[in-house]
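This is what each chain is made of:
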Amino acid sequence: MSIERNTLLSVFNGLLQPERFKDYGPNGLQVEGKSEIRRIVSGVTASRALIEAAIEAGADAIFVHHGLFWRGMDGRITGWLKERIRLLLAHDINLFAYHLPLDAHAELGNNAQLGARLGVRGQAAFGEQNLGWLADVDFADAAALAGHVQSVLGRKVTLAGVQEHKPIRRLAWCTGGAQGFFESAIAAGADAYITGEISEPQMHLAQEMGVSFIAAGHHATERYGAPAVAARVAQECGLEHRFIDIDNPA
């Protein structure tokens, strides 16, 4: 089976509702390819490696969280950007990208999917545009929580603000580069916060506020939403789907 490009775009938009968000770049179809789509490849970032892997897989469309265009970019199609776009156009591949809408989806989004893997379900929201999630949990301390996250994601995490023997009863998380949400998480009553990255100020805040901060990797925390959405849409529309994980330690 196949689906027309604009019909597929409408399906993605209907599911993710990008109009609800003030985002850092355009959501939806970023590069136009062939009009009929049979096979979708999903991934985290529209890198050259993912595009080349999608070409090898015979993809008609790529669905990602991190697209090619962001607010404040130079705007000239040169260098690495020119090469990625050249590959897409040469092989007539559509590129669909959804940023904040993919983080936020209540079932298939990055936060929901990370929570499901950690065994926690979001019960409340916090932070800018209500992108952060909160849940009641039961961990003996921050080290136990960090060990659990490491086991689930299969990678070492950075743990700051360790309070020995302090149980973790309220967990906040927001995938990717959401270290700026830490103070909002503290204000929301979190005992610990999980995101992808940590910056210098959060190390001090974690110690001073007695709230643990776990940086588990931008890519590692955001590798579940794109394949979940693409798989759901592919199933509903009778399309082929394959997730290609281009690993990134950052």
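One structure accompanies this document, and this report is about it. Computed from a predicted model, the values in this text were never measured in an experiment.

### Remarks on the packing of helix H1 (residues 5–16) against helix H10 (residues 225–237)
No. 1: Taken N-terminus to C-terminus, the directions of H1 and H10 make an angle of 125 degrees; their axes are 11 Å apart at the nearest point. Classified by the interaxial angle, the pair formed by H1 and H10 is oblique. The hand of the H1/H10 crossing is right-handed. Only Val229, Val233 and Cys237 of H10 make contact with H1, whose side of the interface consists of Leu8, Val11, Phe12, Leu15 and Leu16.
No. 2: Considered class by class, the residues forming the contact of H1 with H10 number eight nonpolar, no polar and no charged.

### Describing the pattern of salt bridges
No. 1: Following the criterion strictly, the structure yields nine salt bridges and no others.
No. 2: Here Lys34 and Asp60 are joined by a salt bridge, their closest N and O atoms 3.1 Å apart. In this pair, Lys34 sits in the loop between strand E2 (28–31) and strand E3 (36–37) while Asp60 sits in the loop between helix H2 (48–56) and strand E5 (61–66), placing the two residues 26 residues apart along the sequence.
No. 3: Judged by its relative accessible area of 10%, Asp60 falls in the buried class.
No. 4: Here Arg76 and Asp74 are joined by a salt bridge, their closest N and O atoms 2.6 Å apart. The same class applies to Arg76 as to Asp74, namely exposed.

About the cut-offs
- Residues numbered from 1 in each chain as written.
- Predicted model: local features only at pLDDT ≥ 70, side-chain atom pairs only at ≥ 80, totals over all residues.
- Heavy atoms only, no water.
- Axes fitted to C-alpha atoms, helices over the stretch in contact; angles between N-to-C directions.
- Helix = DSSP H or I, 4+ residues; strand = E, 2+ residues; numbered from the N terminus.
- Parallel < 35°, antiparallel > 145°, perpendicular 65-115°, else oblique.
- Left-handed = near helix turned anticlockwise from the far one by under 90°.
- Contact = heavy atoms within 4.5 Å.
- Nonpolar A, V, L, I, M, F, W, Y, C, P; charged D, E, K, R; others polar.
- Salt bridge = Lys/Arg side-chain N within 4 Å of Asp/Glu carboxyl O.
- Buried < 20%, exposed > 50% of the residue type's maximum accessible area, 1.4 Å probe, protein only.

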